[in-house]
Amino acid sequence: LAFPIMYFHYHDDGPETRQALGKRDRGRGSGTLETQIAVSRDGVHWKRYPRPPYIKIGRHDGLDIHKNYIAHGMVHRGEEIWQYYLGSEQYHSDWGKGGREAVLRVVQRFDGLISADTPYTGGKLITRPLTFEGNRLALNIDTGAGGYAQVGFLDEKGRPIDGFGVDDCVYINGDFMGTEVEWLKKGRDVSSLAGKSVRIVIQSRGTKLYSLQFVRR
């Protein structure tokens, strides 16, 4: 994970209508800064997600923030991730130099960095082929009150596995950090599929899926 600081500067860039924001009589300064997020699996090739920003400018704890700088490190506390940043009411290269600054904390759910979302019209996610260890499949998921999700397994040829099909799955409805997936006739034990090449299919509506993992319980 990386958290680049993005700078939208006013001076000497773009049309005159943009550069006008940096004139001294406006009392702003040279621009605004926000924290975004980028992800990589190898530390070489990165994908940046500019919207929504990871830490945005605007109101936070009574401050009207125009720039922020995230600190190093992520703190895992129970079911939450804590991070700290310096937030400032000043613009970058501020003309006024009168705004307040503070070290602030942002809190999110564990594994809550990015989610796979489906609208209320519904959607489907199918993983790449994988093998796993463990006997339970646990989801970090939020369906809200009006959404739901069902999970199934496909074999190497893309066919539903008997008893573990998506239509056999008991509805998942609620906000959970590690709810175990259950099937009507097979229950929650997926150890019979461990070590085999399978795909996971998730059919859902109005849902945010943060992560899934196989566990042994």
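A brief look at the structure comes next. This is a predicted model, so every value here is computed, not measured. (Residues numbered from 1 in each chain as written. Predicted model: local features only at pLDDT ≥ 70, side-chain atom pairs only at ≥ 80, totals over all residues. Heavy atoms only, no water.)

For the rest of this paragraph, the subject is the sheet that holds strand β14 (residues 148–154). The antiparallel open sheet is built from 3 strands, whose spatial order is β12-β16-β14. The outermost strands of the open sheet, each flanked by one partner alone, are β12 (123–126) and β14. Each strand of the sheet is rotated relative to its neighbour by a mean of 15°, with strand direction disregarded. (Pairing = 2+ DSSP bridges. Helix = DSSP H or I, 4+ residues; strand = E, 2+ residues; numbered from the N terminus. Axes fitted to C-alpha atoms, helices over the stretch in contact; angles between N-to-C directions.)

For the structure on display, the rule yields 9 aromatic pairs. Judged by centre distance (6.2 Å) and plane angle (75°), the rings of F8 and Y10 are edge-to-face. Residue classification places F8 among the partly exposed residues on the basis of a relative accessible area of 42%. For Y10, a relative accessible area of 2% translates into the label buried. Look at Y148 and Y171: their rings are 4.2 Å apart centre to centre, the planes differ by 10°, and that puts the pair in the stacked class. (Phe/Tyr/Trp six-rings, centres within 6.5 Å; stacked < 30°, edge-to-face > 60°. Buried < 20%, exposed > 50% of the residue type's maximum accessible area, 1.4 Å probe, protein only.)

Let us now look at the sheet that holds strand β13 (residues 136–142). Strand order across the open sheet formed by 4 strands is β11-β17-β13-β15, with antiparallel pairing between neighbours. At either margin of the open sheet sits one strand with a lone partner, and together these are β11 (116–118) and β15 (175–180). Strand-to-strand twist of the sheet, defined as the mean angle between neighbouring strand axes without regard to direction, takes the value 25°. Pairing of β13 with β15, which is carried by 4 bridges, proceeds in the antiparallel orientation. Across the sheet, residue L139 finds its bridge partner in β15, namely T179.

On to the pattern of salt bridges. Enumeration according to the criterion identifies 10 salt bridges in this entry. The closest approach of N and O atoms between R109 and D175, which form a salt bridge, is 2.9 Å. Here R109 is found in strand β10 (residues 101–109), whereas its partner D175 is found in strand β15, with 66 residues between them in sequence. Linked through salt bridges whose partners overlap, the residues forming this network are R136, E180, E182, R188 and R217. (Salt bridge = Lys/Arg side-chain N within 4 Å of Asp/Glu carboxyl O.)

Counting buried positions along strand β2 (residues 31–35) gives 5 out of 5 residues, so the element sits mostly inside the fold. Here β2 shows two buried faces, one formed by G31, L33 and T35 and the other by T32 and E34. Pairing geometry for strand β1 (residues 5–9) and β2, over 5 bridges, is antiparallel. If you follow Y7 over to β2, its bridge partner there is L33.

This next bit is on the environment of P4. With respect to the helices, strands and loops of the structure, P4 is situated in the segment before β1. Between the C-alpha atoms of P4 and E34, which are 30 residues apart in sequence, the distance is 8.5 Å. Other than its neighbours up to four places away in sequence, P4 contacts E34, T35, Q36, I37, A38 and R48. (Contact = heavy atoms within 4.5 Å.)

Here we take up the side chain of T127. Within the secondary structure, T127 is located in the loop between β12 and β13. When sequence neighbours within four positions are dropped, the list of residues in contact with T127 reads R199 and I200.

A few words now on the environment of S204. Relative to the elements of secondary structure, S204 occurs in strand β16 (residues 199–205). With a relative accessible area of 8%, S204 lands in the buried category. Non-local contacts of S204, meaning those with residues more than four positions away in its chain, are made with T118, G122, G123, Y148 and A149. Polar side-chain contacts of S204 include one of 2.9 Å to the side chain of T118. (Polar contact = N/O pair within 3.5 Å; in protein donor to acceptor, adjacent residues only side chain to side chain.)

Another point: the side chain of T179. Structurally, T179 is set in strand β15. In contact with T179, other than residues within four places in its own chain, are L137, A138, L139, I141 and I172.

Taken by themselves, the reported measurements are silent on function.
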